[in-house]
Amino acid sequence: MSLITTSASDFRAALPEGGVLIGLDVGSKTIGTAFCDAGWSFASPADLIARSKFAKDKARLQAVIATRATAGIVIGLPINMDGSESPRSQSSRSFARNLLDLGLPILLWDERWSTAAAERFMIEADLSRAKRAERIDSAAAAHILQGAIDALTI
């Protein structure tokens with residue numbers, strides 16, 4: 001089903017019962033990815049995709065999605081602290097529209113604080129700066145996806 005929404009309930013209605021979801025933290029240089037289990041209990045960081053031309057990015061995403069029976073996509077939506085949208089928000093919405101032909105429902109999820117939360121967690125885990133830099137986008141994608149699946153299972 002081709003759907004882009006910010007509503008967890010609309011996204012939930014478009015999904016089969018359970019199924020793996022992919023979370024994306026779309027940046028200008030990289031796309032962090034994460035997957036959750038089919039029961040929507042926990043999200044885990046996955047591959048980091050270096051950005052290039054959109055066609056190549058999409059092909060890499062399709063390959064990553066094909067590795068699991070993916071039922072839907074959750075994309076982080078960068079919202080300003082005052083709740084307004086920014087040019088980055090519009091970029092994420094455009095990215096989502098360009099993925100519609102994958103045939104999977106897409107949820108745009110408020111990603112405020114996701115990178116900060118992921119960074120804090122990695123500092124607490126005593127990861128070096130180099131390791132944090134290498135893993136931050138996929139960790140943020142996992143944080144975004146975890147927030148979404150928590151809302152889907154309420």
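Now for a look at the structure at hand. Everything numeric in this text was worked out from a predicted model, so none of it was measured. What you see as residue numbers is a count from 1 along each chain, following the sequence as written. With the structure being a predicted model, the display of local features is reserved for residues of pLDDT at least 70 and the display and counting of side-chain atom pairs for 80 or more, all residues being used for whole-chain, interface and lining totals. Side-chain metrics in this entry use all non-hydrogen atoms of the structure; hydrogen atoms and water are not considered.

## Remarks on the side chain of E111
Within the secondary structure, E111 is located in the loop between β6 (106–110) and α4 (114–124). Contacts were defined at the residue level, with two residues in contact if any of their heavy atoms lie within 4.5 Å. With residues up to four places along the chain from it excluded, the contact list for E111 reads D25, G76, L77, P78, R88 and I144. Each helix corresponds to a stretch of at least 4 residues labelled H or I by DSSP, and each strand to a stretch of at least 2 residues labelled E; elements are numbered beginning at the N terminus.

## Some thoughts on the pairing of strand β3 (residues 30–36)
In this scheme, a residue with accessible area under 20% of its type's maximum is buried, one over 50% is exposed, and one in between is partly exposed, where area comes from a 1.4 Å probe on protein chains only. In terms of burial, β3 is a largely internal element, 7 of the 7 residues being buried. Of the two faces of β3, the one lined by T30, G32, A34 and C36 and the one lined by I31, T33 and F35 are each fully buried. Bridging between strand β2 (residues 20–26) and β3 involves 5 bridges; their strand directions are antiparallel. Directly across from I22, in β3, lies its bridge partner F35. Strand pairing requires that DSSP identify at least two bridges connecting the strands. Between β2 and β3, which follow one another and run antiparallel, lie 3 residues. Pairing of β3 with strand β4 (residues 43–50), which is carried by 6 bridges, proceeds in the antiparallel orientation. When the bridges of β4 are listed, F35 appears paired with S44. Here β3 folds back onto β4 in antiparallel fashion, the turn holding 6 residues, of which W40 has a positive phi close to 60°.

## What about the nonpolar core?
Of all hydrophobic cores here, the largest spans 20 residues; its most connected members are L24, I73, I75, F95 and L99. Ranked by residues supplied to this core, first place goes to β2 with 4 residues. Residues within four places of I73 in sequence aside, it is in contact with F11, I22, L24, I65, L99, L102, L104, P105, I106 and L107. Residues grouped as a nonpolar core are buried Ala, Val, Leu, Ile, Met, Phe, Trp, Tyr and Cys residues, joined through side-chain atoms within 4.5 Å. Grouped together as the second largest cluster of nonpolar side chains are 19 residues, A34, A71, V74 and L145 included.

## Notes on helix α3 (residues 87–99)
By this rule the span expected of a helix is its residue count minus one, scaled by 1.5 Å. If you check α3, its first and last C-alpha atoms are 19 Å apart, about what 13 residues at 1.5 Å a residue would give, namely 18 Å. Residues of α3 that are buried: S89, S92, F95, A96 and L99. Along the long axis of α3, the arc covered by the buried residues comes to 120°, so they all point the same way. In this description, one arc is meant: the one made by directions from the helix axis to the C-beta atoms.

## Re the packing of helix α2 (residues 54–66) against α3
To obtain an axis, a line is fitted to C-alpha atoms, over the contacting stretch when the element is a helix, and the angle between two such axes runs from 0 to 180 degrees between their N-to-C directions. Viewed as axis vectors pointing N to C, α2 and α3 meet at an angle of 65°, and their least axial separation amounts to 11 Å. As α2 packs across α3, the resulting crossing turns out to be right-handed. Packed against α2, whose contacting residues are F54, K58 and L61, the element α3 presents F95, N98 and L99 at the interface. Class assignment for the residues of the contact of α2 with α3 results in 4 nonpolar, 1 polar and 1 charged. Handedness of a crossing follows from how the near helix is turned relative to the far one, being left-handed for an anticlockwise turn of less than a right angle and right-handed for a clockwise one. Residue classes follow a fixed rule: Ala, Val, Leu, Ile, Met, Phe, Trp, Tyr, Cys and Pro count as nonpolar, while Asp, Glu, Lys and Arg count as charged, and any other residue, Gly among them, counts as polar.

## Topic: the pattern of salt bridges
Within this document, salt bridges are pairs made up of a side-chain nitrogen of Lys or Arg and a carboxyl oxygen of Asp or Glu, the two lying within 4 Å of each other. For the structure shown, the criterion picks out 4 salt bridges. A salt bridge links D57 to R51, with the shortest nitrogen-to-oxygen separation between them at 2.8 Å. Judged by relative accessible area, which is 1%, D57 ranks as buried. Among the salt bridges present, the one from R88 reaches E111, with a minimum N-O distance of 3.6 Å. Of this pair, R88 sits in helix α3 while E111 sits in the loop between β6 and α4, placing them 23 residues apart in sequence.

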